[in-house]
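# An overview of the molecular structure
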Amino acid sequence: MQKLSWLGATSALERMVAFLLDLYDRAKSSGLAKENRFEVPLTQQQLGELLGLTAVHVNRTLKRLDSSGLLERRKALVRLIDIEGLQKMTANIPPCFAHHDAWVRLGSPSSDA
């Protein structure tokens, strides 16, 4: 139920930004992010499955973020231009999804239990 309430309470944009910020934090802490750049090794289909979106909606959401000037993408490489601006966009994300294991729980079939 936690997964369903989170999906229903957040927009596609909020979910995508929260995921990208979390992935950036992980990459940074393991030395895989340099100058706010990191790799997102997932297809749009995989991102959609993880975030509860269609691949088309993932594509539109990423294009919207690109055009906003908050980040830029080149294939699998993402550069966060305005981290503070992106963080403001995730103000409605429940605290239980602010931790690294949240995406594992979100993508797990048993996470609804």
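In this text, all values refer to a predicted model and were calculated from it rather than measured experimentally.

Taken as a whole and assessed by the stated rule, the structure comprises 1 aromatic pair. Where Tyr 24 meets Phe 38, the ring centres are 5.6 Å apart and the plane angle is 50°; that geometry is what we call tilted. Placement of Tyr 24 in helix 2 (residues 12-29) and of Phe 38 in strand 1 (residues 37-39) is noted, with a sequence separation of 14 residues between them.

Another aspect to go through is the pattern of salt bridges. Where charged atoms of side chains with opposite charge meet at close range, the side chains can pair. Across all of its chains, the model carries 5 salt bridges by this definition. Notably, a salt bridge pairs Glu 72 with Arg 79, separated by 2.9 Å at the nearest N-O pair. Glu 84 is paired through a salt bridge with Lys 88; the nearest N and O atoms lie 3.8 Å apart. With a gap of 4 residues between them, Glu 84 and Lys 88 both fall in helix 5 (residues 83-89), about one helical turn apart. Its relative accessible area of 53% is what places Glu 84 among the exposed residues.

In terms of nonpolar packing, the biggest core is built from 25 residues, with Met 16, Phe 19, Leu 20, Phe 38, Leu 65, Leu 80 and Leu 86 touching the most fellow members. Among the elements of the structure, helix 2, helix 3 (44-51), helix 4 (55-68) and strand 3 (77-80) are those that each provide at least two residues to this core. For this core, the leading source of residues is helix 2, giving 10 residues. The contact partners of Leu 20, leaving out residues within four places of it in the chain, are Phe 38, Val 40, Leu 62, Leu 65 and Leu 71.

With that out of the way, let us pick up the pairing of strand 3. Going residue by residue along strand 3, you find Val 78 and Leu 80 tucked away on one face and Leu 77 and Arg 79 left uncovered on the opposite face. With 3 bridges connecting them, strand 1 and strand 3 associate as antiparallel partners. Note that in strand 3 the partner of Glu 39 across the bridge is Leu 77. As paired strands, strand 2 (residues 71-74) and strand 3 are joined by 4 bridges and run antiparallel to one another. In the strand pairing of strand 3, Arg 73 is matched with Val 78.

A word on the packing of helix 2 against helix 4. Their axes nearest at 10 Å, the elements helix 2 and helix 4 cross at an angle of 75°. Between helix 2 and helix 4, the angle falls in the class roughly perpendicular. Here helix 2 contributes Ala 12, Leu 13, Met 16, Val 17 and Leu 20 to the contact with helix 4, which in turn contributes His 57, Val 58, Thr 61, Leu 62, Arg 64 and Leu 65. For the contact of helix 2 with helix 4, the class distribution of residues is 8 nonpolar, 2 polar and 1 charged.

About the criteria used
- Residues numbered from 1 in each chain as written.
- Predicted model: local features only at pLDDT ≥ 70, side-chain atom pairs only at ≥ 80, totals over all residues.
- Heavy atoms only, no water.
- Phe/Tyr/Trp six-rings, centres within 6.5 Å; stacked < 30°, edge-to-face > 60°.
- Helix = DSSP H or I, 4+ residues; strand = E, 2+ residues; numbered from the N terminus.
- Salt bridge = Lys/Arg side-chain N within 4 Å of Asp/Glu carboxyl O.
- Buried < 20%, exposed > 50% of the residue type's maximum accessible area, 1.4 Å probe, protein only.
- Core = buried A, V, L, I, M, F, W, Y, C linked by side-chain atoms within 4.5 Å.
- Contact = heavy atoms within 4.5 Å.
- Pairing = 2+ DSSP bridges.
- Axes fitted to C-alpha atoms, helices over the stretch in contact; angles between N-to-C directions.
- Parallel < 35°, antiparallel > 145°, perpendicular 65-115°, else oblique.
- Nonpolar A, V, L, I, M, F, W, Y, C, P; charged D, E, K, R; others polar.

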